[in-house]
Number of protein chains: 6
Amino acid sequence: MTLLPLSSIIIEPLVRGALLEDLGRAGDLTTDAIIPVDRLATTVLTARQPGVVAGLQLAALAFRLIEPAIEVTTHCRDGSAVSPGQALATISGPARGVLTAERTALNFLCRLSGIATATASVVEAIHGQKARIVCTRKTTPGLRAIEKYAVRAGGGANHRFGLDDAVLIKDNHVAIAGGIQTAIARARAGVGHLVRIEVEVDTLDQLEQALECNIDAVLLDNMTTSELTRAVTMVAGRAITEASGRVTPTTAPSIAATGVDLISIGWLTHSAPILDVGLDFKAQV
Amino acid sequence: MTLLPLSSIIIEPLVRGALLEDLGRAGDLTTDAIIPVDRLATTVLTARQPGVVAGLQLAALAFRLIEPAIEVTTHCRDGSAVSPGQALATISGPARGVLTAERTALNFLCRLSGIATATASVVEAIHGQKARIVCTRKTTPGLRAIEKYAVRAGGGANHRFGLDDAVLIKDNHVAIAGGIQTAIARARAGVGHLVRIEVEVDTLDQLEQALECNIDAVLLDNMTTSELTRAVTMVAGRAITEASGRVTPTTAPSIAATGVDLISIGWLTHSAPILDVGLDFKAQV
Amino acid sequence: MTLLPLSSIIIEPLVRGALLEDLGRAGDLTTDAIIPVDRLATTVLTARQPGVVAGLQLAALAFRLIEPAIEVTTHCRDGSAVSPGQALATISGPARGVLTAERTALNFLCRLSGIATATASVVEAIHGQKARIVCTRKTTPGLRAIEKYAVRAGGGANHRFGLDDAVLIKDNHVAIAGGIQTAIARARAGVGHLVRIEVEVDTLDQLEQALECNIDAVLLDNMTTSELTRAVTMVAGRAITEASGRVTPTTAPSIAATGVDLISIGWLTHSAPILDVGLDFKAQV
Amino acid sequence: MTLLPLSSIIIEPLVRGALLEDLGRAGDLTTDAIIPVDRLATTVLTARQPGVVAGLQLAALAFRLIEPAIEVTTHCRDGSAVSPGQALATISGPARGVLTAERTALNFLCRLSGIATATASVVEAIHGQKARIVCTRKTTPGLRAIEKYAVRAGGGANHRFGLDDAVLIKDNHVAIAGGIQTAIARARAGVGHLVRIEVEVDTLDQLEQALECNIDAVLLDNMTTSELTRAVTMVAGRAITEASGRVTPTTAPSIAATGVDLISIGWLTHSAPILDVGLDFKAQV
Amino acid sequence: MTLLPLSSIIIEPLVRGALLEDLGRAGDLTTDAIIPVDRLATTVLTARQPGVVAGLQLAALAFRLIEPAIEVTTHCRDGSAVSPGQALATISGPARGVLTAERTALNFLCRLSGIATATASVVEAIHGQKARIVCTRKTTPGLRAIEKYAVRAGGGANHRFGLDDAVLIKDNHVAIAGGIQTAIARARAGVGHLVRIEVEVDTLDQLEQALECNIDAVLLDNMTTSELTRAVTMVAGRAITEASGRVTPTTAPSIAATGVDLISIGWLTHSAPILDVGLDFKAQV
Amino acid sequence: MTLLPLSSIIIEPLVRGALLEDLGRAGDLTTDAIIPVDRLATTVLTARQPGVVAGLQLAALAFRLIEPAIEVTTHCRDGSAVSPGQALATISGPARGVLTAERTALNFLCRLSGIATATASVVEAIHGQKARIVCTRKTTPGLRAIEKYAVRAGGGANHRFGLDDAVLIKDNHVAIAGGIQTAIARARAGVGHLVRIEVEVDTLDQLEQALECNIDAVLLDNMTTSELTRAVTMVAGRAITEASGRVTPTTAPSIAATGVDLISIGWLTHSAPILDVGLDFKAQV
């Protein structure tokens, strides 16, 4: 899947906000007191674990927003697999700015790379199957756009970005509507022609009802692999099939083997550990 | 440690921003199309794993900002240990609002409870030792105040909130300054009387130099437990001692046994998995 | 089509911003100087032209944000056809607040009702045909969500809300990509399973190429009605068909008669005149 | 009248907000997926109708905020009369940025040029008379500053920018105050020496009362041309005279012939159709 | 002069911003740690110096934004003269909220009351003369609207609120334009009928030139009282006369005696000391 | 004390906000109407009084935000003592931008220099004593960070920046807690290891109790010099001693002579008059 970029105009407020959160009212007391204003430094963002990188653009922006004189040269691209010790980017310029922005840059880079790495590990686990790994709306408040980008950097695909860009009818919607078909009919009457409709089903009987309504996709929630296999057969290409429910890298291959189109995993964005990246100082002038 | 509360005026922008991020431009298409405007629902925030709760105030605010008619009754407090199936809060009111705010409320609650749970597990691991568990600045961009709160809810304590509320002299500051004592002297000349000064030392020799300068705290970075033990003896109460460097629940007890005052763990905020909490629908009217 | 509501949390910043724009730095000099603080007034929002109403919620919010003591009682709903002289809502409370918020309330209400009225007139013109009237991204900067709502209030449907919720491949994308099928292939490789793909075609030859790629919708741009008729036949239900290009109420029926699914009209949001609504003072106490 | 410029610091937030509204969370899916990052394009903003241009600065800013490498060369100035096919500006640079910003740039440019064109048509209609055409506070929420600028570009003049920069005593103020002279006296006691006072009068009797109070301007609302003629005679230069009430290009000349100083028209900003301007692609590299 | 009120919608962002500035990231550590959440307190805002009060509305809002359960009862109005020990308002409710908001409330109240007091002292000094005391644009960045309100509370009047609500031609404008009359002509050609034009003159010769142009007001800058007297005679009611230039309460009476209409004093807003007001605790429950 | 700098990312929103406050909706009417767009000017920020400068960076930013083509060359640094007539900075570039930004630049520079000057006068008054002059939280709402910077520029030091960066237990906290030692114990149980604890004491008996708790600092409030002398003796270096209570340059020396470490003065930020600085035009091209 092509890795669509992040727009600078979207990420700048995030990076600016994170810097201001760290600077507080008085700024970087330690650095401003100790480091001479004209001291330069050359440093390298270096991977300390194997993984997949995401967020270099945000890290670079953190340095440049604090100090426009800092130059950032990247040595790999988001989506690259990296090894421990591998240099990701060189950051050169006034030492004060480098030190002040360091933590913010790393907080973005390590978190997004952690998501990309987790995604890549599941993508790798199902290599050769047609299923694609997708994320959910279980993202960090405020960071959805960049976390979904990190999933793409790891080789995954994106589900809904929010409540407004697709219909996803869940069990509670069905319960209140009094039935799947009523729920689907109401959804169809409320949205435009470019909005896809997906329905969560817990049983094959519900699946049958949903299919009668020509929906775009079905979310097969917490089904066993044998149920999934039967579901895929029933759907027979009439809708996109998505399996969900506590998928892990271990269980992913057998789920993929059922023939589903998508496997969605909340864990990628809500619980993936960071990828450890550090900033090594190479030289001070 | 007393659990100091979060100010409503601080958290409201965070919750409002997260809701708007999820609503996008068109709002909750699914719910608005399917659920009648006058339908009521009673639901329960329910733990699905054992852990420690944090963030009930943010979850409640998510529901009320979307729909002021929603009533939230909490059944436990932040910092409580909970069991799978335990009810944390009852959410009653217009079903549309409950469904629309559900994911945002859970995204806050699950993440913060995950941090509290991780913290509590390390706190429990060193039970009986004097050492306290503290977090770092390795927090999610934009969420520092509430993540540090979650650490407190888990029984931990807080380190710096930012670059401006204490001095922490790190290895690169020392290297550029040309020595620990020069760095400390410059820091002291730059900050007010209410700002504490902590110095990172990698060796006992550096520790000796730092102690000669009457600093408030020393960060003993990546030392072995035997080095830590010697460091604590050298310090002899003249400064707060903090051990850091890839601490895990497994290694924490032996580190605590060295007699250090604080053990700092970045993992609590950058890599703790969420605590699984769900919203169960009890009745629709 | 069901009229999905506007979320209060989305429209409040718009109304607040409009009020502050009008108040400037010193507020309503005229009203504050002339009207006693304890004077009450009862007023009625009254249609002065026939049309379809949209924006009552925003008008009501304008009054209540300026003065929470103002009570607003609506006498019809958004989407209602109204006659000259018909009362839309009664606004009662402190006269100062009513006078200060009047222009902002009317600016929203008249503009949105104008869009709804224009939409309804075209919808009426093609009554009995299956085609639906849709809007475009040619909206007023900052007001897209509410202008698209007004189109729905007038009986129309919505096209994309932005660049991120569907793919619409236009002539320039095709030209740069070097062909329709290349463009479609690249788009498909870049977006998730819930994103629909629509392609603009200017000729039936292009249409043929697009249909080979299983796209979701085709935008038939500036075609004659005979071309449209042939296009609909060619598509044969394999994609949604959308006609566009300077549609007017006069030309809409013949376009609809070609059998297209959608007729998109930029004019609804970029050039519709307002619906004249006034605020009549009934009594001052 | 000199066309005073728009300050960049004022318009940047408007253009930035409009771009973010269009980009949403995921940005321009179509362009990012299809157009190579290094593709360049040269395009021309071209009038498709005769009219008067306004908003070139905002259009240029839209392109440059998305992509600073884009160069914009204008071929005419705001306020110029243009013919169909006339080139207004050349936009060159990375094709992605050009395509992504196109709609936002046009939304500003077409709307403001529409207002300028409408204004110019009325100004032309009363050519040779002393009366000046002025706008009202019936502007689009959030766009008042730039819409009033567009009126100036069309040869018109501006009325109040808000509730705080002049006093305009309307019929309801008079009714509540219990008389025109009381209302004027209260207003005068409440505002500073640089604030002008204008009074709306519906009858010549009210005009007489207002003139006794030495007010700066009178708004002659919905009067016939014979009433206006008498009013101008009564005023005899003692105040600025402004005619208002559903003025059209057709009725404007006879109103101007009464000798009034100003003719105010809400229609210029609330109902003027856009001027059609398109972006023509000349070459891709 | 009537004291026009401040709109709540304008001042709320100021008060909210000031509270957040004081709370920082972690909130009121001292109060939250020490004061039980259910403790109530009754306190009184009490003048400690004689003066004139301004800003009670902002002080009350500070308490209520932190804690909606706090009740504020005012015992006097803005613009009242108060004596040392006089109770201005009673603040009752949760002790935590009272203590947390105390400093922000007082920072607004003391500063604005200081401005009102300074203004009142000059107004008193020229009692019996027709001249009015006006402020300038030399205000605290961000606080212009409320500082100009405080001047009104002290019995003064307001000059321009900004660069956009009146024309004030200063010496440098004249120098660059190449003459007073050229400058006035250009200004007149650029602004609408509701914008007044004032010209700064340093000599009686300049005054003569300005008067020939029918300007609205003249700013007589740094003139001696004998020059002012001659200037007033020359103007003979054809324009508003304003004296400026390092006016003090001591020099104000002789300036007022020259017959000028206005005396403008930057000192009121840029250098007036605060009025000391404290918060006395009466009882804790 | 080293003068730590202000971060650009922190001050830019303040300067931008102040410029927008002054520009309002329509911008600088006078300058835009009178000054040709291509006119250049060279001007000099010039002290008109003796004092200490602070805020040159904000003044420079005001000019550059309005007009990036303006060049600012500073001739001294913040913290420098200056004489009347001394040139502080040269501002060259488009005359429109210089005139439009002039007042905002001066409002920042004069206010901050006033604070620096006031601070320097008290610092000078106690020259030779070990005591340092510190400011309080009695700052202008919204300007705390830059006002505290100005105190540092004048040779003073900073107290707390807000409620969250240190504990300061005041009389009301003690009263509600029921005693100094209870209050201290609660505070200690609530805050982290990098937060210092200071206690306000009114009597030597309270001081005795506080010292038993090993607090970091004591605020000796409104004590006589003989009480202060005894307090310093009692403390004997076990805590930082701070004297407060209506200190003036006249009383400061005798207070400093008591041997206290710090003397805090609210007056520096709440009531210091500005330092008069003007903008002299040298040449127009």
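Use the structure listed above.
None of the values given here were measured: they were computed from a predicted structure.

Describing the interface of chain A and chain C
- Of the residues lining the interface, 23 residues belong to chain A; the matching set on chain C comes to 23 residues.
- In this assembly, chain A packs against chain C so that about 2,000 Å² is buried in total across both faces, 58% of it on carbon and sulfur atoms.
- Taken as a group, A:H193, A:L194 and A:R196 account for 41% of the area that chain A buries against chain C, more than any other trio of residues on that side.
- Here chain A and chain C share 2 salt bridges between them.
- Between A:R196 and C:D216 there is a salt bridge whose closest N-O contact spans 3.0 Å.
- Taken together, the connections running from chain A to chain C amount to 8 residue pairs in polar contact (both at pLDDT 80 or more).

Comments concerning the relation of the copies chain E and chain F
- Superposition of chain E onto chain F requires a rotation of 180 degrees combined with a translation of 0.0 Å along the rotation axis, giving an RMSD of 0.0 Å. When the rotation and shift are considered jointly, the pair of chain copies conforms to a two-fold rotation axis.
- Mapped onto chain F, 100% of the interface residues of chain E are again interface residues, and the two copies thus contact each other with one and the same surface.

Digging into the sheet that holds strand β7 (residues 167-169) of chain D
All names here are of chain D.
- Taken together, 6 strands build an open sheet; the order of strands is β6-β11-β10-β9-β8-β7 and the sheet is parallel. Two strands in the sheet have a free side with no partner beyond their single neighbour: β6 (132-134) and β7. Put simply, the sheet's adjacent strands are angled 25 degrees from each other on average, direction ignored.
- Taken together, the 3 bridges between strand β10 (residues 240-244) and strand β11 (residues 262-264) define a ladder with parallel strand orientation.

Here we look at the interface of chain E and chain F
- With 63 residues of chain E at the contact, the number on the chain F side is 63 residues.
- When chain E packs against chain F, close to 5,200 Å² is buried across both sides, 57% of that on carbon and sulfur atoms.
- Our count for the chain E to chain F interface comes out at 6 salt bridges.
- The residue E:R144 makes a salt bridge to F:D22 at a minimum N-O spacing of 2.5 Å.
- Counting across the interface, chain E meets chain F through 38 residue pairs in polar contact (both at pLDDT 80 or more).

Criteria and cut-off values
- Residues numbered from 1 in each chain as written.
- Chains lettered and ligands numbered in written order.
- Predicted model: local features only at pLDDT ≥ 70, side-chain atom pairs only at ≥ 80, totals over all residues.
- Heavy atoms only, no water.
- Contact = heavy atoms within 4.5 Å.
- Buried area = accessible area lost by both parts, 1.4 Å probe.
- Salt bridge = Lys/Arg side-chain N within 4 Å of Asp/Glu carboxyl O.
- Polar contact = N/O pair within 3.5 Å; in protein donor to acceptor, adjacent residues only side chain to side chain.
- Least-squares fit on C-alpha atoms with pLDDT ≥ 70 in both.
- Pairing = 2+ DSSP bridges.
- Helix = DSSP H or I, 4+ residues; strand = E, 2+ residues; numbered from the N terminus.
- Axes fitted to C-alpha atoms, helices over the stretch in contact; angles between N-to-C directions.

So yeah, pure geometry; function would need other evidence.
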